[in-house]
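Results of the structural survey
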Amino acid sequence: MRNFWIKIKSRLRPPRKNAAPSALICSEVFESMSILADGSVTCACTDIFEGRVLGNVNTQPLEEIFGGERYRDLRRRMISGDLPPQCVRCPLRVRPRTGNETVEGRGIQWLQIDPIFNCNLRCPNCDLTRMWEENFFIRPRTALSLEAFKKVIDEASPTLKHIRFHMLGEPLMNPQSVDMLRYAREKIPHLFISIETNGLFIGAEMQKALVETSVDYVKISVDGASQETYVQYRVGGDFSKVYQNMAGLVATRNAAGSDRPRITWQYILFEWNDSDEEIQRAQELARMAGVDHLYWLATHSTCASKRFLPGGKYPIFEGEGQSFNMTLEIAASRGESMARPAASLDAYDPWK
């Protein structure tokens, strides 16, 4: 493993040591919206339980919601440092205040949209799984309608730059997901579109659709290099199917002579899938599939890998008690040695 090129980057950066907690803000309330499958608007993707609903796209124009008093009050409190309880420990509040923030915000620059409140898997650490197990649902298992999606795109189009077409559910389970992606691309040709998926719905027709609609970035979660390890977390999944779908998407893109979508295999490290043998097998499979990147994600969740935490064989955290996730980016480009760095995804993933 020492021969592999590794780049460490934080997904959720810790507060800066020289910044008081109240001096840190969440930029999302100034430039984005998170839209749930029932049309509810929350301040960020962390509010999946709708603790602070700011409006609903099914009954209100986006301008009315984004410029409404609830959003303005949230920005006002973010600017003053008089934070609401939900914001005090929010991991998205990481940027120092610049003094240029206003209660009007900067316009809707990007959207996070949850196409469906449902999933075909039962991953143990997922909030959706816990809701099923405890029979506690904050809203019906519903899908965002194509009509509502078109309304959102139309109203946000003057300033919209990015769409994250995923949140809590499996986005490609929405039967109108392809129509949504196609409409977004036709309405805003320069729009950056990303999808995070478990990959089980990326069959031949979906592969063709993702390439034809020029989706920019697809991240596929495959936490193992065999059915035995993969299914321990992706409960109900099929490793052979998702791997074939991932390789098929690469082949379909290449056959079309396109450079989109960029395709990432995300691999969450657990106690049962972090051996040298399993990791080396995943790297070999990544080469064979031809994915652009292979991401190793270490967390502090239940059964997380201990080898990649402080005191482990390959520690990636400096210091104890840090609760944010880190990503190890390991080159896995087509035909390249794993010892050589692949091109950075930063150009394709502009919000990072």
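Since the model is a prediction, treat every value here as computed from it, not as a measurement.

1. Focus: the overall build of the protein chain
- When you go through the protein chain residue by residue, the secondary structure sums to eleven helices and 13 strands.
- Evaluated residue by residue, the protein chain yields a buried proportion of 54% over its 352 residues.
- Split by element, the accessible area of the protein chain, about 15,500 Å² in all, is 49% carbon and sulfur.

2. Some details on the nonpolar core
- Of all hydrophobic cores here, the largest spans 86 residues; its most connected members are M33, L111, F149, L160, I163, L210 and W265.
- Look past the residues within four positions of W265 in its chain and what remains in contact with it is I220, V222, G224, Y243, M246, A282, L285, A286, V291, H293, L294 and Y295.

3. As for the environment of L62
- Mapped onto the fold, L62 is located in helix α2 (residues 62-66).
- Distance from L62 to V41, taken between C-alpha atoms, is 9.4 Å for residues 21 residues apart in sequence.
- When sequence neighbours within four positions are dropped, the list of residues in contact with L62 reads M33, V57, I108, K151, V152, E155 and A156.

4. What to know about the confidence of the model for the protein chain
- Overall, the predicted model of the protein chain reaches an average pLDDT of 80, with 78% of residues at or above 70.
- Note on residues 1-21: pLDDT under 50 across the span, and 51 contacts to partners over four residues away in sequence or across chains.
- Confidence over residues 317-352 falls short of pLDDT 50; this stretch has 114 contacts with residues more than four positions distant or in other chains.

5. Section: the pattern of salt bridges
- Counted under the stated rule, the structure contains 18 salt bridges.
- With a closest N to O distance of 3.4 Å, K151 and E155 form a salt bridge. With K151 and E155 both in helix α6 (residues 146-156) and four residues apart, this pair spans about one turn of that helix.
- Taking relative accessible area as the criterion, K151 reaches 26% and is therefore assigned partly exposed.
- The exposure class of E155 is partly exposed, given its relative accessible area of 33%.

6. A short note on the pairing of strand β10 (residues 217-221)
- Counted residue by residue, β10 has five buried out of five residues, so it is predominantly covered.
- Side chains of β10 alternate between two faces, with Y217, K219 and S221 and V218 and I220 buried alike.
- When strand β9 (residues 192-197) meets β10, the two strands line up parallel, connected through four bridges. Across the sheet, E196 pairs through a bridge with K219, a residue of β10.

7. A word on unusual backbone geometry
- In this model, R260 is joined to P261 through a cis peptide bond whose omega is 0°.
- One non-glycine residue, S214, lies in the positive phi region at around 55°.
- Relative to the helices and strands, S214 is located in the loop between α8 (204-212) and β10.

8. Things to note about the environment of R164
- Summarising the element assignment, R164 is placed in strand β8 (residues 162-164).
- Considered as a pair, R164 and I195 are 31 residues apart in the sequence and their alpha carbons are 6.1 Å apart.

9. What to know about the packing of aromatic side chains
- The final tally for this structure, using the stated rule, is nine aromatic pairs.
- Each ring, one from F149 and one from F165, has its centre 6.0 Å from the other, and the planes form 90°; the classification is edge-to-face. In this pair, F149 is assigned in helix α6 and F165 in the loop between β8 and α7 (177-187), connecting sequence segments 16 residues apart. Accessibility classification places F149 together with F165 in one group, the buried group.
- For the pair F239 and Y243, a centre-to-centre distance of 6.1 Å together with 15° between the ring planes defines the contact as stacked. Here Y243 and F239 lie together in helix α10 (residues 239-255), a separation of four residues that amounts to about one turn.

What counts and what doesn't
Residues numbered from 1 in each chain as written. Predicted model: local features only at pLDDT ≥ 70, side-chain atom pairs only at ≥ 80, totals over all residues. Heavy atoms only, no water. Helix = DSSP H or I, 4+ residues; strand = E, 2+ residues; numbered from the N terminus. Buried < 20%, exposed > 50% of the residue type's maximum accessible area, 1.4 Å probe, protein only. Areas by Shrake-Rupley, 256 points an atom, 1.4 Å probe, with all protein chains shown as cover. Core = buried A, V, L, I, M, F, W, Y, C linked by side-chain atoms within 4.5 Å. Contact = heavy atoms within 4.5 Å. pLDDT = per-residue confidence, 0-100. Salt bridge = Lys/Arg side-chain N within 4 Å of Asp/Glu carboxyl O. Pairing = 2+ DSSP bridges. Phe/Tyr/Trp six-rings, centres within 6.5 Å; stacked < 30°, edge-to-face > 60°.

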